[in-house]
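# Inside the fold
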Amino acid sequence: MVKPRVVVVGGGGAALSSIIEAAKYDVDILLVTKYIYKSQKYSWSSTGGCTWKAHGFNVAISPYDSIENHILDTLKGGGSANNEELVSVLCDRSPELLSWLENMDIPFEKNKDDKFLTRPFGGCDIPRSIYNKDMLGFYIHSCLYKRVLELCDSDKLTIIENVRASEIYIDNDILKLQTINQETLEKTLIECNAVIIADGGGAQMYSPSAASADKTCDGIAMAYKIGASIIDMEFVQFHPTGIVSKVPVFDGSLVEEALRFDGAKLLNHQGKRFISDYTPMGEMATRDEISRAIFLEMLKNNNMVDTGVKLDISACKEKIKKSYPAFCERLTQAGYDVSKISEIVVKPTAHYLMGGIKIDIHCQSNIPGMFVAGESAGGVHGANRLGGNGLSGALVFGRIAGKNAAEWALAYKKCIQPSIRILKSLELTSSLRGATLDMLLYNLKVAMYEKVGPVRNKKSLENMLEIISRIENDLKEISFYTGSQAARAVQQFLDLKSLICASKLIVNSALSREESRGSHYRTDYVKTNKIFTSIENKLINN
């Protein structure tokens, strides 16, 4: 007898936690992931989601804190644009993560009385981020990964690696997921009773961006094409302090937010502190406020947005060496010698999409059988995500999605094909015309940052739609290699298609929101409306 099947798309914290919960039920689980598991032990490649990069996560555990305070800070930081039910779930269920993770032997930093130590993040009235140096996400990801290996060994889970999910169909009430192998271009079709989209969304349509290159909004694009509701896409978080580096892979990588609470100060090109000119909270303000301040300050410097500002770390250099080993390594790789410098050049870097697929408190979308968790889901974080709420959100909603997807699959009566059906390899038609994919992707990223970045207006947004239209036209005439470079070209093409879809959703939503709220700041509508109305995008009849 064929078991009900749950397919999970992704590979980060939301995906892995959903698998662990779904495995408690008598269902067949498939993990579809772009990532490559090296050898039979499936060790992660350097991509694999952003959970492993996270510093810590928020949980109301201090005697001076409460779940109610966590909820209030999250709503305030989100510009009151959050789905309040989802916020309540996030804050109510975050404390449960502590025992769940400790039972998997994940280490946390504690005091001599065995109480959790916490660090502050911008927008939180009380320090509530638990941590282990700056590597808690790495420890969590490693531990979840080990649990996933155990599920593979017990035949509860099958991993389909090095493939991308390209389309979802609904055929006679059965969900069908099409995948493409990233090397062979072989296409497969997987039938399932439930699917969990947990591929991480991603702000890779911008440059600079802190998102890993494999986060290209495939899940959001697939869901949109089959009629899922996509909400709040105008809200894109820019982390204030992305490293400016000549090493491309580290340009835009993050400077830890907690450093600003340890004494790091922002300086403009004249060497003067400026942040208090924009917000009374100074360096301790929320990410949207500081990013906007830095961006506007950069514009003052001959209207250039590629210069950056300086982060003076002289007051916390010793603490960096002691308490931020991952950041020290990242700085070195980015070309900075921590022992010799006192300043880092930084600028806002695209970091997180607050918008995404609309879900309810069960992580279910409006598409029957489609569940969503992590950054692919919209509504939790409102107009601006608080630092520390990303990792807890991925784990809380990942677990919820896993449980509910498994229960949905078990309750479903439709029969599915037990095997994964091989279709045919993607066929390429070579052409000598058109622009290169590298050039089109570069043009999209640079234009999105300048036109739809921390500061935007009607003129820049309409201009961006024109640029996207030109890129789409150029994409129709793109050249495909048919030799050894074919696979890379196809992946770039599919990346660009997904990113264009998400970019259009961002721009059109930003045009529709004629106010400034959270990360969405319009110079032609600087005031915030008294009443918030969510902007929802949905395809009707394809």
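Keep in mind the model is a prediction, meaning the values are calculated, not measured.

Let us look at the overall build of the protein chain. Counting its regular elements, the protein chain contains 13 helices and 20 strands. If you line up the protein chain on its principal axes, its C-alpha atoms span 65 × 65 × 50 Å. Counting only contacts in the protein chain whose residues sit at least 6 apart along the sequence, the fraction spanning at least 24 positions is 73%. Counting 64 positive and 63 negative side-chain charges, the protein chain places the averaged centre of each group 2 Å from the other.

In this structure, the amide linkage connecting S207 to the following residue, P208, adopts the cis form with an omega of 5°. With phi around 65°, D114 is a residue other than glycine that occupies positive phi space. If you trace the backbone, D114 turns up in the loop between α4 (96–102) and β4 (118–119). You can call D114 exposed: its relative accessible area is 52%. Unusually for a residue other than glycine, K133 sits at a positive phi of about 50°. With respect to the element layout, K133 can be found in the loop between β5 (129–131) and α5 (136–153).

Attention now goes to the nonpolar core. F57, L101, M205, Y206, F397 and L444 are the most contacted members of the largest nonpolar core, which totals 154 residues. Looking at this core, the element that brings in the most residues is helix α13 (residues 486–512), giving 15 residues. The contacts of F397, once residues within four sequence positions are left out, are L86, V89, L90, C363, A373 and V380. F235, Y352, M354 and A383 belong to the second largest nonpolar core, which has 5 residues in total.

Attention now goes to helix α12 (residues 458–476). Spanning 19 residues, α12 covers 28 Å between terminal C-alpha atoms, matching the ideal 27 Å at 1.5 Å per step. Taken together, the buried positions of α12 are S460, L461, M464, I467, I468, I471 and L475. Along the long axis of α12, the arc covered by the buried residues comes to 115°, so they all point the same way. Looking at α12, the residues exposed on the side facing more than 90 degrees away from the buried face are K459 and K476.

Another point: the pattern of salt bridges. Side-chain pairing between opposite charges can occur once the charged atoms of the two side chains come close. Using the criterion set out here, one finds 34 salt bridges in the structure. With its nearest N and O atoms 3.6 Å apart, the salt bridge here joins K110 to D114. Through salt bridges that share partners, K34, R164, D218 and D495 make up one connected network.

On to the side chain of K317. With respect to the helices and strands, the residue K317 is situated in helix α8 (residues 317–323). Of the side chains bearing the opposite charge, E318 lies closest to the buried K317, which forms no salt bridge; the N-O distance is 6.4 Å. In terms of polar contacts, K317 uses its side chain to reach the backbone carbonyl oxygen of S339, at 3.5 Å. Residue contacts for K317: discarding those within four places in its chain leaves V338, S339, K340, I341 and S342.

So, about the packing of aromatic side chains. Enumeration according to the criterion identifies 9 aromatic pairs in this entry. With centroids separated by 5.1 Å and ring planes inclined at 85°, the aromatic side chains of Y206 and F238 adopt a geometry described as edge-to-face. Of this pair, Y206 sits in the loop between β10 (194–198) and α6 (218–225) while F238 sits in strand β12 (residues 236–243), placing them 32 residues apart in sequence. Each member of the pair, Y206 together with F238, is buried. An angle of 85° between the planes, with centres 6.3 Å apart, marks the rings of F274 and Y278 as edge-to-face. Note on F274: relative accessible area 1%, which makes it buried. Above the ring of F116, the side-chain terminus of K110 is found at 4.6 Å from the ring centroid. In this arrangement the basic side chain of R399 is found over the ring face of W100, its NZ or CZ atom lying 4.3 Å from the centre.

Attention now goes to the confidence of the model for the protein chain. For the protein chain, per-residue confidence averages 90 on the pLDDT scale, and residues scoring 70 or more make up 92% of the total. Low pLDDT (under 50) marks residues 38–49, which in the prediction has 31 contacts with non-local residues, meaning those over four places away or in another chain.

Turning our attention to the packing of helix α11 (residues 437–451) against α13. Two elements in contact, α11 and α13, have axes whose closest approach is 10 Å; the angle formed by their N-to-C orientations is 25°. Comparing the axis directions of α11 and α13 gives the class roughly parallel. The hand of the α11/α13 crossing is left-handed. Along the contact surface, α11 presents L437, D438, L440, L441, L444 and M448, while α13 presents R488, A489, Q492, F493, L496, L499, I500, S503, I506 and V507.

Conventions we followed
- Residues numbered from 1 in each chain as written.
- Predicted model: local features only at pLDDT ≥ 70, side-chain atom pairs only at ≥ 80, totals over all residues.
- Heavy atoms only, no water.
- Helix = DSSP H or I, 4+ residues; strand = E, 2+ residues; numbered from the N terminus.
- Contact = heavy atoms within 4.5 Å.
- Lys, Arg positive; Asp, Glu negative; His and termini not counted.
- Charge placed at Lys NZ, Arg CZ, Asp CG, Glu CD.
- Buried < 20%, exposed > 50% of the residue type's maximum accessible area, 1.4 Å probe, protein only.
- Core = buried A, V, L, I, M, F, W, Y, C linked by side-chain atoms within 4.5 Å.
- Expected span 1.5 Å × (residues − 1).
- Arc of directions from axis to C-beta.
- Salt bridge = Lys/Arg side-chain N within 4 Å of Asp/Glu carboxyl O.
- Polar contact = N/O pair within 3.5 Å; in protein donor to acceptor, adjacent residues only side chain to side chain.
- Phe/Tyr/Trp six-rings, centres within 6.5 Å; stacked < 30°, edge-to-face > 60°.
- Lys NZ or Arg CZ within 6 Å of the ring centre and 35° of its normal.
- pLDDT = per-residue confidence, 0-100.
- Axes fitted to C-alpha atoms, helices over the stretch in contact; angles between N-to-C directions.
- Parallel < 35°, antiparallel > 145°, perpendicular 65-115°, else oblique.
- Left-handed = near helix turned anticlockwise from the far one by under 90°.

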